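Per-entry structural report
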Amino acid sequence: MREGSDRVVPARRAAVVFNPAKVDVPTLRQVVNDEESASGWRPSAWFETSADDDGRSAADAAARSGADVILVAGGDGTLRAAAEALAGSGIPLGLLPTGTANLFARELGLPLNGLAASVATAFSGADRPIDVGVALLQRAGGEESRHAFLVMAGIGVDAHMAAHTNERLKKRIGWLAYSDPIARSVLGNKQFDMVYRLDDAAEVSTRAHTVIVGNSGSLPAGLLLLPDAVVDDGLLDAVVFRPGRGPGWTNIGYRLTFNRVLHRTRFGRLIARLTPRPRAIQWAQATRLQVRLDTPQEIQLDGDPQGLVTGATLSVQHHALTIRVPHTARLDERHPPRTAHRERTVP
């Protein structure tokens, strides 16, 4: 491509990070080749994940290749690994969703069922800066590890489900595979003691069944878990399940079922202000959440089990990653405007 009379601007080039177990590679290559030809881009560089690489090494190599955009083909786990490598790089990331839930892609309004549409968005969509969650995990032996997440981090039953749900069944029937672990959790009602701190507030001790911290608030089947979560507001949202005895699980189920109505409609927000908030489920919001656990608990990041931890510090990197989205995607229309920063402690 020539700019002016004497300056030549080289054609742009994409890089593709892909999980061969999750995508039809020949079809993906053909669709990318077609988009390259239609857009006047050079042939893309291809980087395959492997059994001993969850995507970070492949994403690192893609970033070093000098790509103008990096396409990531995979589910929430592959995207999380790529985000860990690309956060702060400034290189736009185009997501080609192929997983079971694709919660982050849904939140951003990305194409889910059309590979050609996803690839076209990656090549020519709008750039949207989004936040990246950071999890510093502490283990019983004193070692620490640092990881990124884009959707949710969960401690307790949420992490147990991620670690112990049958993968073959999950692949066949999707999130219905979690019904048995959820039922066992409700019946068992196993809880744990923890101490937590929101930003610089005082530490608080509580007993919980599940703790989930998220950058995105929706679950499969349209359930809204974190009503105030927005992917680009520089804040993390947290929810604590404390069912206790009696009607606790009923209150939690009611709130999750109607959260979308209560927080996405004018009438629902009026009802929410007039009705008491159940103690069995409590929300909080901060830029950093520190958790100490009396006994080691399982933790998951974007659906990937991370083993047992004795503590965790969860924070947010504001606008650390740029995602290619359709030009018609408008997240601000999907979330009512906030009136004030909210921090609720869970006594």
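Refer to the structure presented above.
The following refers to the structure shown. (Residues numbered from 1 in each chain as written. Predicted model: local features only at pLDDT ≥ 70, side-chain atom pairs only at ≥ 80, totals over all residues. Heavy atoms only, no water.)

Moving on, we come to the packing of aromatic side chains. This structure, assessed with the given rule, holds 2 aromatic pairs. Taken together, a centroid distance of 5.7 Å and an interplanar angle of 75 degrees make the contact between F18 and W46 edge-to-face. One end of the pair, F18, is in strand β3 (residues 13–18); the other, W46, is in strand β4 (residues 42–48), with 28 residues separating them in the sequence. Seen in terms of ring centroids, W41 and F123 are 4.7 Å apart; in terms of plane orientation they differ by 65 degrees. Their pairing is edge-to-face. (Phe/Tyr/Trp six-rings, centres within 6.5 Å; stacked < 30°, edge-to-face > 60°. Helix = DSSP H or I, 4+ residues; strand = E, 2+ residues; numbered from the N terminus.)

This part covers the side chain of E107. Counting through the fold element by element, E107 comes out in helix α4 (residues 103–107). At 3.5 Å, the side chain of E107 forms a polar contact with the side chain of S216. (Polar contact = N/O pair within 3.5 Å; in protein donor to acceptor, adjacent residues only side chain to side chain.)

You can see V204 is positioned in strand β11 (residues 204–208). V204 sits in the buried class, given a relative accessible area of 17%. It is 8.4 Å that separates the C-alpha atoms of V204 and M194, two residues lying 10 residues apart in sequence. (Buried < 20%, exposed > 50% of the residue type's maximum accessible area, 1.4 Å probe, protein only.)

Regarding helix α5 (residues 115–124), the residues found buried are S118, V119, T121, A122 and F123. Buried residues in α5 make contact with β3, α1 (25–39), β4, β5 (69–74), β6 (93–97) and β16 (304–325). (Contact = heavy atoms within 4.5 Å.)

Take the pattern of salt bridges next. Taken as a whole and judged by the stated rule, the model has 8 salt bridges. For D193, the salt bridge identified is with R207, shortest N-O distance 3.1 Å. Remark: R207 occurs in strand β11 and D193 occurs in strand β10 (residues 192–198); sequence separation between them is 14 residues. The partly exposed category is assigned to D193, whose relative accessible area is 32%. Each of R56, R80, E84 and D304 takes part in a single network of salt bridges with overlapping partners. (Salt bridge = Lys/Arg side-chain N within 4 Å of Asp/Glu carboxyl O.)

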